[in-house]
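The residues making up each chain are set out below.
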Amino acid sequence: MSVEIADIDGLPEGVADHFREQGIEELYPPQGEAVEAGVADGESVVASVPTASGKTLIAQLAMLTSVARGGKALYIVPLRALASEKKAEFEEFEQYGIDVGVSTGNYDSDGDWLASKDIIVATSEKVDSLVRNGAQWVDDLTCVVADEVHLVDDPNRGPTLEVTLAKLRKLNEDLQTVALSATVGNADEIADWLDATLVDSTWRPIELRSGVLYGQALHFDDGSKTQISRGNEKATAALVEDTLTDEGSSLVFVNSRRNAEASARRLADVTRDHLDPEERDRLAEIADEIREASDTQTSEDLADAVAKGAAFHHAGLASDHRALVEDAFRDRLVKVISATPTLAAGVNTPSRRVIVRDWRRYDGDVGGMAPLDVLEVHQMFGRAGRPGLDPYGEAVLIANSHDELDELFERYVWADPEPVRSKLAAEPALRTHILATVATGFADTEDELVSFLERTLYATQTDETGRLETVTQNVLDYLERNEFLARENGGLRATGLGHRVSQLYVDPMSAAEIIYGLRDAEDRPTAFGLYHLVARTPDMYELYLRSGDREEYTELAYERETEFLGSMPSEFDDGAFEDWLSALKTARMLEDWASETDEDAIAERYGVGPGDIRGKVETAEWLLNAAERLAGELDLECGPAIREARKRVEYGVREELLDLAGVRNVGRKRARRLYEAGVESRADLREADKSVVLGAVRGRTKTAETILENVGRKDPDLTGVEADTELDTESSADAGDGGQQSLGDFE
């Protein structure tokens, strides 16, 4: 039975007409099933349906009808990038009186400003931190949507999503829970866990054909075959060329950053011949924006590829880079993206043809190459076919032998995705969540704690009797030993320190490491010592030691041993010593950044991309903020030293520039040029000769006026002012302008 948008009662006034104006009259079958299951009437639903089959509309129907009934809705996303995308989508409804807010950062804030919003978009980590920090409006939620709920299977992010949903459902007994999932092997288990009705469908709005290319023959799952003209081209290039001749775009999935960049370089030679003059001009502008976003070789290589209509996409790119590439691809200017699997994780980038070039990747647990999961490959497949733009979608694997052709059909094309399994029972996840569960009052006794944990997906899935209780006891012992929890006669209480750790949203093991290090500090700790301290916590992903690094960093460890906070492990304790050196390498990268070393030099020295640098900088700033707060909690005297180290890493400057770099729009490079021109503080900047300020920002009048406004200058107007060209414009921190580069630019 078909369901029409007009059949749905309870939407805010004008919204049904809005949907009809967008061409949504009759719902897709999975959407219709969700409506019949009561998604617009406050009933909980798990929608396990393919990508591009209308999951977002199911969520919108639930949230909008909930708000119309006087409620408040929360939309949980797995990635920050998705939060911005969804907020933009939902803001269409603001014209009908729906207030939309988004919150992703500042893990130790209570988010009270969100109380007035009708629909809130946030990552699961942010929701978890809001609950920990006592956001009162959480109690008022009537509807929660969990996007990409199959990611409870992810060992890093899954436990937070799982526990957050359990907490929200405990806080709000009548909460409507809507979970959106890829097609998985055990959607029924997820529905049972959430007390929801399951909508399980394989329907798609446009046909998806999947198959395997072997030689020149592309074999499809329906038994058909088509010829791909190869000539001298490699398989991937031939497939991209074939798609372009039909005016389609391609997504190519490879197994490493290096391969993504190399693939994009090669495929740019294919796409450049399919660009018209207008596309070339627009791509040249985008390439310039990419170069301005970062002055690294990665940025230069990406810009070169984009100018020819190709791009690469991986976690080493700056967020500005990723956004520019995704937008240009959606606008059909970039014709092909070579990506690592990160792009399959939910960002809206569909294409005519998806090419899974590499179906194996390096797995440290097995010490070699291992096949990708079926679910991950099917997520890639799901990016094929854009409703309204493509007549069909194609997903293609590449075989190098006849045996591999058969294997790929069996392993991926005809296979069902694996079941989703909870990862909550790992101690790192439970450390964090057990402390928070006690600190926020969800459990005051050990029995209540176990009872709460039994509301999780893990508890519904496990066959191991007593496993949860055993791991829970181990974690409670650890938390008690580190003075985060107190236990008495089965009762549980978070200490003042434990409350602070929970609110700061750091792993208790990170907090314990930081506290141990700060208590060890006899004198004022150095910035380098503090960077090393936070770099060795579980919350920091350390840089890998490359071949030859061990000797270099062992030497550095002994040179700077007096700066370390805490005792260095023995060289003969291989694992611990290697971790210490990895943290040392990470700390030196942070020190380079805070000493105004050029971003390109850092990228080359450490073998990282701009996104990696900015990720480390952001994490270090967050952990140093936590360290400063913990020092205050423990009445330690190192707070000012920590604050200075944090500010230096935030702005990327030496001590003397901290005052200047804190002015919005100044940043590390302009601050150095102003300083060398004799403008050494905010006070100086408010009184400085305008021609000097204009010279320091390379004659950019609007930028200079904005800076002067931001510093509180009474007369920021620069009309008629000429830039002082006598300034030393090539300072030590100035290889190519790139303007402002401090942490504020990366958010």
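Our subject is the structure that appears above.
Residues numbered from 1 in each chain as written. Predicted model: local features only at pLDDT ≥ 70, side-chain atom pairs only at ≥ 80, totals over all residues. Heavy atoms only, no water.

Notes on the overall build of the protein chain
Rule in force here: Put simply, DSSP marks the helices as runs of H or I at least four residues long and the strands as runs of E at least two long, and each gets a number from the N terminus on. Within these notes, the globule rule equals 2.2 Å times the number of residues to the 0.38 power, and the radius of gyration is based on C-alpha atoms. Type-normalised accessible area, obtained with a 1.4 Å probe on protein chains alone, sets the label of each residue: buried when under 20%, exposed when over 50%, and partly exposed for intermediate values. Surface accessibility follows the Shrake-Rupley procedure with a 1.4 Å probe radius. Residue values consider only the protein chains on display as shielding. By the counting scheme adopted, Arg and Lys are positive, Glu and Asp are negative, and His together with the chain ends is not counted. Think of each charge as sitting on NZ of Lys, CZ of Arg, CG of Asp or CD of Glu.
The helix and strand inventory of the protein chain stands at 31 helices and 19 strands. Whereas a compact globule of 747 residues would reach a radius of gyration of roughly 27 Å, the protein chain reaches 27 Å, a difference of no more than 12%. Along the three orthogonal principal directions, the C-alpha set of the protein chain runs to about 75 × 75 × 60 Å. Per-residue burial over the protein chain gives 57% buried out of 747 residues. Summed over its atoms, the accessible surface of the protein chain is roughly 30,800 Å², and 42% of this surface lies on carbon and sulfur atoms. Each charge class in the protein chain was averaged separately, 80 positive and 148 negative side chains, and the resulting centres sit 3 Å apart.

Considering the nonpolar core
Let me state the cut-off plainly: We define the nonpolar core as a collection of buried residues of types Ala, Val, Leu, Ile, Met, Phe, Trp, Tyr and Cys that are connected through side-chain atoms lying within 4.5 Å of one another.
Core analysis: the biggest nonpolar cluster contains 110 residues, and Leu74, Leu165, Leu168, Phe484, Leu518 and Tyr531 have the highest contact counts within it. Listed in part, the 63 residues of the second largest apolar core include Val212, Ala303, Val356 and Ala384.

Observations regarding the packing of helix α23 (residues 574-593) against helix α25 (residues 610-633)
As a reminder, the rule being used: Working convention: axes come from line fits to C-alpha atoms, limited for helices to the stretch in contact. Angles between N-to-C directions cover 0 to 180 degrees. Working definition: roughly parallel below 35 degrees, roughly antiparallel above 145 degrees, roughly perpendicular at 65 to 115 degrees, and oblique for all remaining angles. Between two residues, a contact is recorded if the distance between any of their heavy atoms is within 4.5 Å. Only Asp, Glu, Lys and Arg are considered charged in this grouping, and only Ala, Val, Leu, Ile, Met, Phe, Trp, Tyr, Cys and Pro are considered nonpolar; every other residue, Gly among them, is considered polar.
Direction vectors running N to C along α23 and α25 enclose 95°, while the axes themselves pass 11 Å from each other. When the axis of α23 is compared with that of α25, the two are roughly perpendicular. From α23, Thr586, Met589, Leu590 and Trp593 reach across to α25, where they touch Ile613, Lys616, Val617 and Ala620. Class assignment of the residues belonging to the contact of α23 with α25 gives a composition of 6 nonpolar, 1 polar and 1 charged.

Observations concerning the pairing of strand β15 (residues 360-363)
The cut-off we apply is this: DSSP calls a pair of strands paired once it identifies at least 2 bridges connecting them.
Alignment of β15 against strand β16 (residues 368-371), held across 4 bridges, turns out to be antiparallel. Bridge pairing links Arg360 to Pro371 in β16. Here β15 folds back onto β16 in antiparallel fashion, the turn holding 4 residues, of which Gly367 has a positive phi close to 70°.

Observations regarding the packing of aromatic side chains
Keep this limit in mind: Stacked, edge-to-face and tilted labels apply to pairs of Phe, Tyr and Trp rings (six-membered ring for Trp) whose centres lie within 6.5 Å, assigned for plane angles under 30 degrees, over 60, and everything in between, in that order.
Scanning the entire structure with this criterion turns up 7 aromatic pairs. Consider the rings of Phe19 and Phe93, whose centres lie 5.7 Å apart with planes at 65°: the pair is edge-to-face. Of this pair, Phe19 sits in helix α1 (residues 15-21) while Phe93 sits in the loop between α4 (80-90) and β3 (100-103), placing them 74 residues apart in sequence. Neither Phe19 nor Phe93 differs from the other in exposure class; each is buried. With a centroid separation of 5.8 Å and 45° between ring planes, the pair formed by Phe442 and Phe452 is classed as tilted.

Some words on a negative patch on the surface
Operational definition: Like charges within 9 Å and nonpolar side chains (Val, Leu, Ile, Met, Phe, Trp, Tyr) within 5 Å are joined into patches, using only residues over 30% in relative accessible area that form no salt bridge. For salt bridges, the criterion is a side-chain nitrogen of Lys or Arg within 4 Å of an Asp or Glu carboxyl oxygen.
A contiguous patch of negative charge on the surface is contributed by Glu4, Asp7, Asp9, Glu25, Glu26, Asp41 and Glu43. Turning to its location among the elements, Glu26 is positioned in the loop between α1 and α2 (29-36). Exposure remark for Glu26: the relative accessible area of 47% places this residue in the partly exposed category.

A few points about the sheet that holds strand β1 (residues 45-48)
Hydrogen bonding along the main chain pairs the strands of a sheet, whether they run parallel or antiparallel. Taken together, 7 strands build an open sheet; the order of strands is β3-β4-β2-β5-β6-β1-β7 and the sheet is parallel. A strand with exactly one partner marks an edge of an open sheet, and here the two such strands are β3 and β7 (197-200). Within the sheet, the average angular offset between the axes of one strand and its neighbour, ignoring direction, is 15°. One ladder, built from 4 bridges, connects β3 with strand β4 (residues 119-123); its direction is parallel. Among the inter-strand pairings, Val100 is bridged to a residue of β4, identified as Ile119.

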